[in-house]
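Take a look at the letters that make up each chain.
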Amino acid sequence: METTTQSSSQGLGPSEEGQRVAQDLEPVYDVPVKVQAVLGKSRLEISQLLKLGPGAVLELDRKVGEAIDIYVNDRLVARGEVVLVEDHLGVTMTEIIKSDRS
């Protein structure tokens with residue numbers, strides 16, 4: 001008995017299917033998006049904000065080592081960690097947040 005399997009996308013193999021998906025997204029490659037990596041939040045009165053100067057320390061609502069939130073166009077999409085790449089700060093995603101949208 002002989003069995004054959006096909007990919008669900010018109011008989012394309014896994015690598016061909018991945019290429020097709022990437023090509024299908026080409027029209028949106030130049031669409032700008034806003035990406036934010038939020039280390040934490042803090043609430044201040046304007047009078048407190050005006051008193052801040054160089055070297056001031058602002059307490060955030062997160063602890064050292066906690067995951068940061070990653071937003072794309074003001075929508076939470078992932079959590080991650082701050083990393084140092086050469087002399088630049090970066091973010092690595094450690095968790096993708098599933099959307100409740102349909």
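Note that the coordinates shown come from a computational prediction; the quantities given were computed from them, not determined experimentally.

Participant: Explain the pairing of strand 4 (residues 88-96) here, please?
Facilitator: In the case of a regular strand, side chains alternate between the two sheet surfaces. Where strand 3 (residues 75-85) and strand 4 come together, eight bridges link them in antiparallel fashion. Note on strand 4: the bridge partner recorded for valine 85 is histidine 88. The loop that links strand 3 with its antiparallel partner strand 4 comprises two residues; one of these, glutamate 86, has a positive phi angle of about 55 degrees.

Participant: Would you mind showing me how to read the environment of valine 72 here?
Facilitator: Within the fold, valine 72 resides in strand 2 (residues 68-72). Looking at valine 72, the relative accessible area reads 28%, which means it is partly exposed. Residues valine 72 and alanine 37, 35 residues apart in the sequence, show an inter-C-alpha distance of 9.1 Å. In this structure valine 72 touches Val33, Lys34, Val35 and Val77, once residues within four positions along its chain are discounted.

Participant: Looking at this model, I keep getting lost on unusual backbone geometry. Mind explaining?
Facilitator: Peptide bonds are mostly trans, and most non-glycine residues show a negative phi. The phi angle at aspartate 74 is positive, at roughly 65 degrees, despite the residue not being glycine. Structurally, aspartate 74 is set in the loop between strand 2 and strand 3. Exposure remark for aspartate 74: the relative accessible area of 54% places this residue in the exposed category. Look at glutamate 86: it is not a glycine, yet its phi comes out positive at around 55 degrees.

Participant: I would appreciate a short explanation of the pattern of salt bridges in the present structure.
Facilitator: A side chain with one charge may pair with a side chain of the opposite charge, provided their charged atoms come close. Scanning the entire structure with this criterion turns up three salt bridges. One salt bridge in this structure joins arginine 62 and aspartate 69, with 2.5 Å as the shortest N-O distance. For aspartate 69, a relative accessible area of 8% gives the class buried. The structure contains a network of salt bridges with shared partners spanning Arg62, Asp69 and Arg79.

Parameters and conventions
Residues numbered from 1 in each chain as written. Predicted model: local features only at pLDDT ≥ 70, side-chain atom pairs only at ≥ 80, totals over all residues. Heavy atoms only, no water. Pairing = 2+ DSSP bridges. Helix = DSSP H or I, 4+ residues; strand = E, 2+ residues; numbered from the N terminus. Buried < 20%, exposed > 50% of the residue type's maximum accessible area, 1.4 Å probe, protein only. Contact = heavy atoms within 4.5 Å. Salt bridge = Lys/Arg side-chain N within 4 Å of Asp/Glu carboxyl O.

This is a description of form; function is not addressed.
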